[in-house]
Amino acid sequence: MTTAPSPAPAPTDEPVNALDRFFEISRRGSTIGTEIRGGLVTFVTMAYIVILNPIILATPDVAGNTLPGGAVAAATALTAGVMTILFGLTTRLPFAFAAGLGINAFLAFTVVGTVTWPEAMALVMINGVIIVLLAATGLRKLIFDAVPVQLKLAITVGIGLFIAFIGFVNAGFVTSTKNASPPVDLGIGGSVASLTTLMFVVTLMIGGVLIALRVKGAILIALVGGTVLAAIANLIWPTEGLGFAFSGSIVSVPDLSLIGQVDFGFDFAKVGGVTLVMFVFTLLFSNFFDAMGTMTGLAKEADLADEKGDFPRIKSALVVEGVGAIVGGGTSSSSATVFVESGSGIGEGARTGFATTITGVLFLLAMFFTPLTSLVPSAVAAAALVLVGAMMLSQIKNIDLSDFRVLLPVFLTVTVMPMTYSIANGIGAGFVSWIVVNAFSGRAKTIHPLLWVVGVGFVLFFARGPIEALLGA
């Protein structure tokens, strides 16, 4: 008599080992393989920062000094690796860290026109200490709780459009016309005429089809496939500039000479105290609300946030994010903060800090393999950003837009982010408009007191130029 085969064991969310138990992998419906894949995808999508950050921070400071590119690249990778691993182990969340693009641009194009690079990095560290204190005392969480759920969801959607727009611009799919109207155009003269943009489009379509077919690892497959196709195209048309910067050298010794190169001895005779306060104020608001918005959006996308937008170990997450500013300033790589590109790994199924730890380890390895970090063309990586942005846009279905008190702030939050290239600007526009519209339409009592305080802060943030000029005068 033939014995019937035993039925397969039923799926369970019980941890299978200590690693699973620590990171809550099974509990969150993930697997170790999925987490590894998600961590790898996040790294590939973020690796461009090791190349881009030195370019942005190459601006000469007020004394005419510049930061050496190789040292900035090594410091960027080191800081991203250390902070990403620390965040993953502390919070068990799938959010990776690296130098914040908005903050490094503010330092390069505004701050160092007045102070030196070591002084600018000292300001970043001061900003980080303030953020840590706000988070440790619970005030940052209170401010977080004061934000209406609709705005938190709008932040998710806005971040999706923002990172998609970053992808479009990085790929050359959207370009500046240098004219007042229209300010942007499609490709070159309204046409997708470059091989770089074509590789972006091909990678985007590969990823789109694979995601539509629910293929596991769709984004990673698209990245690898796009890179292979771009490599072939680069052999055929080597003068088309597809973004391959591989020099033939695989390993390089990291230059860590910038660690500790900060200067708190500000010359108040040359730099007014008001100016320094405004610099810290701007850094604080950018760091504070960029991170809050990004974490909210990523947590929602990973299905880790509740109906209020809260997510596991939120206080620890906010504290560690502040530490990222301190470490980033201390290494002269700019404030390290949670990266919206973490959404690419989440899109691959990452749900825990194990994926984050994988990403962090890869960043540490990138210190020694900097030439390889540029092997994936920026146009190919940009396609992953657009795919993730499209997926994050789906959160808009959870917002009831029938009330204009909700519609206008949501609209401003979602549109101002990509249009001004700033998550903080979008959040500020949403907060201020929410307060004004609700206060003057009979619903002032529904506005949390802390939201009023933050709203006033954002008004000062938006008016910082005239205020600084007035006080300086």
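Okay, so let's go over this structure.

This brings us to the layout of surface pockets. Looking at the largest pocket, its volume works out to about 690 Å³. Along the walls of the largest pocket sit 34 residues, with L101, G102, I103, F162 and Y421 positioned nearest its centre. When residues of the lining of the largest pocket are traced back to their parent elements, those giving at least two are helix 3 (48–56), helix 5 (101–109), helix 8 (149–170), helix 11 (273–301), strand 4 (336–338) and helix 18 (423–439). With seven residues, helix 5 is the largest single contributor of residues to the lining of the largest pocket. Of the residues in the lining of the largest pocket, the class split is 19 nonpolar, 12 polar and three charged.

Let us look at the packing of helix 9 (residues 195–212) against helix 10 (residues 218–236). Between helix 9 and helix 10, whose axes approach to 9 Å, the crossing angle comes to 150°. Between helix 9 and helix 10, the interaxial angle falls into the category roughly antiparallel. Once helix 9 is placed against helix 10, the crossing between them reads as right-handed. Counted together, L195, M199, V202, T203, I206, G207, L210 and I211 of helix 9 and A218, I219, I221, A222, G226, L229, A230 and A233 of helix 10 form the full contact between these two elements. The residue inventory of the contact of helix 9 with helix 10, partitioned by class, reads 13 nonpolar, three polar and no charged.

Glycine aside, residues mostly have negative phi, and peptide bonds are mostly found in the trans state. A cis geometry characterises the amide bond from S181 onward to P182, with omega recorded as -10°. With respect to the element layout, P182 can be found in the loop between strand 2 (174–176) and strand 3 (184–186). Positive phi values are uncommon outside glycine, yet E24 reaches one of about 60°. Mapping E24 onto the fold places it in the loop between helix 1 (18–23) and helix 2 (32–46).

Another aspect to go through is a nonpolar patch on the surface. A surface patch of nonpolar side chains, amounting to about 700 Å² of accessible area, comprises V224, V228, L229, I232, L235, I236 and W237. Turning to its location among the elements, I232 is positioned in helix 10.

This part covers the side chain of R140. Position of R140 relative to the elements: it lies in helix 7 (residues 139–145). A relative accessible area of 1% places R140 in the buried class. Each residue touching R140, except ones within four places of it in the same chain, is listed here: I131, L134, A135, N287, F288, A291, M292, L318, E321 and G322.

Taking 1.5 Å of rise per residue, 18 residues should cover 26 Å, and helix 9 covers 25 Å from first to last C-alpha, within 8% of that figure. All of the buried residues in helix 9 are L195, T196, T197, M199, F200, T203, L204, G207 and L210. Tucked into the core, helix 9 has its buried residues touching helix 8, helix 10 and helix 16 (378–392). Two residues or fewer after helix 9 comes R214, characterised by a positive phi angle close to 60°.

What follows concerns the environment of V111. Along the chain, the position of V111 falls in the loop between helix 5 and helix 6 (117–136). For V111, a relative accessible area of 0% corresponds to the buried category. The sequence separation of V111 and I130 amounts to 19 residues, and the corresponding C-alpha distance is 19 Å. Ignoring any residue separated from it by four or fewer positions in sequence, one finds V111 in contact with F106, A120, L123 and F279.

What follows concerns empty space enclosed by the protein. Scanning the model with the defined rule gives two cavities of 30 Å³ or more in all. Empty space within the largest cavity amounts to approximately 50 Å³. For the lining of the largest cavity, the secondary-structure elements that each account for two or more residues are helix 8 and helix 11. With four residues, the top contributor of residues to the lining of the largest cavity is helix 8. For the lining of the largest cavity, a count of residues per class yields three nonpolar, three polar and four charged. For the second largest cavity, the calculated volume is near 40 Å³.

With that settled, the discussion passes to the packing of aromatic side chains. Per the stated rule, a full pass over the model turns up 16 aromatic pairs. Seen from their ring centres, F106 and F279 are 6.2 Å apart, and the 80° between their planes marks the pair as edge-to-face. Taken together, the residues span a long stretch of sequence, with F106 in helix 5 and F279 in helix 11 at a distance of 173 residues. Pair check on accessibility: F106 and F279 agree, each one buried. Aromatic side chains F162 and Y421 sit 5.6 Å apart centroid to centroid with 85° between the ring planes, which places their arrangement in the edge-to-face category. Of this pair, F162 sits in helix 8 while Y421 sits in the loop between helix 17 (404–420) and helix 18, placing them 259 residues apart in sequence. Here the aromatic cluster, defined as three or more aromatic residues joined through ring pairs, consists of F87, F95, F97 and F311. Over the ring of F22 we find R92, and its NZ or CZ is 4.0 Å from the ring centre.

So, on to the pattern of salt bridges. Applying the stated criterion across every chain yields a total of seven salt bridges. For the salt bridge of E24 with R27, the shortest nitrogen-to-oxygen distance reads 3.5 Å. The salt bridge partner of R313 is E24, with a shortest N-O separation of 3.3 Å. Taken as a pair, R313 in the loop between helix 11 and helix 12 (314–330) and E24 in the loop between helix 1 and helix 2 lie far apart in primary sequence, 289 residues in all.

Cut-off values and rules
- Residues numbered from 1 in each chain as written.
- Predicted model: local features only at pLDDT ≥ 70, side-chain atom pairs only at ≥ 80, totals over all residues.
- Heavy atoms only, no water.
- 1 Å grid on protein atoms, 1.4 Å probe; cavity = no way out; pocket = protein on both sides within 12 Å on 5 of 7 lines; lining within 4 Å.
- Points joined across faces, edges and corners; volume = space filled by probe spheres on them.
- Helix = DSSP H or I, 4+ residues; strand = E, 2+ residues; numbered from the N terminus.
- Nonpolar A, V, L, I, M, F, W, Y, C, P; charged D, E, K, R; others polar.
- Axes fitted to C-alpha atoms, helices over the stretch in contact; angles between N-to-C directions.
- Parallel < 35°, antiparallel > 145°, perpendicular 65-115°, else oblique.
- Left-handed = near helix turned anticlockwise from the far one by under 90°.
- Contact = heavy atoms within 4.5 Å.
- Patch = residues over 30% accessible without salt bridge, like charges linked within 9 Å, V, L, I, M, F, W, Y side chains within 5 Å.
- Areas by Shrake-Rupley, 256 points an atom, 1.4 Å probe, with all protein chains shown as cover.
- Salt bridge = Lys/Arg side-chain N within 4 Å of Asp/Glu carboxyl O.
- Buried < 20%, exposed > 50% of the residue type's maximum accessible area, 1.4 Å probe, protein only.
- Expected span 1.5 Å × (residues − 1).
- Phe/Tyr/Trp six-rings, centres within 6.5 Å; stacked < 30°, edge-to-face > 60°.
- Lys NZ or Arg CZ within 6 Å of the ring centre and 35° of its normal.

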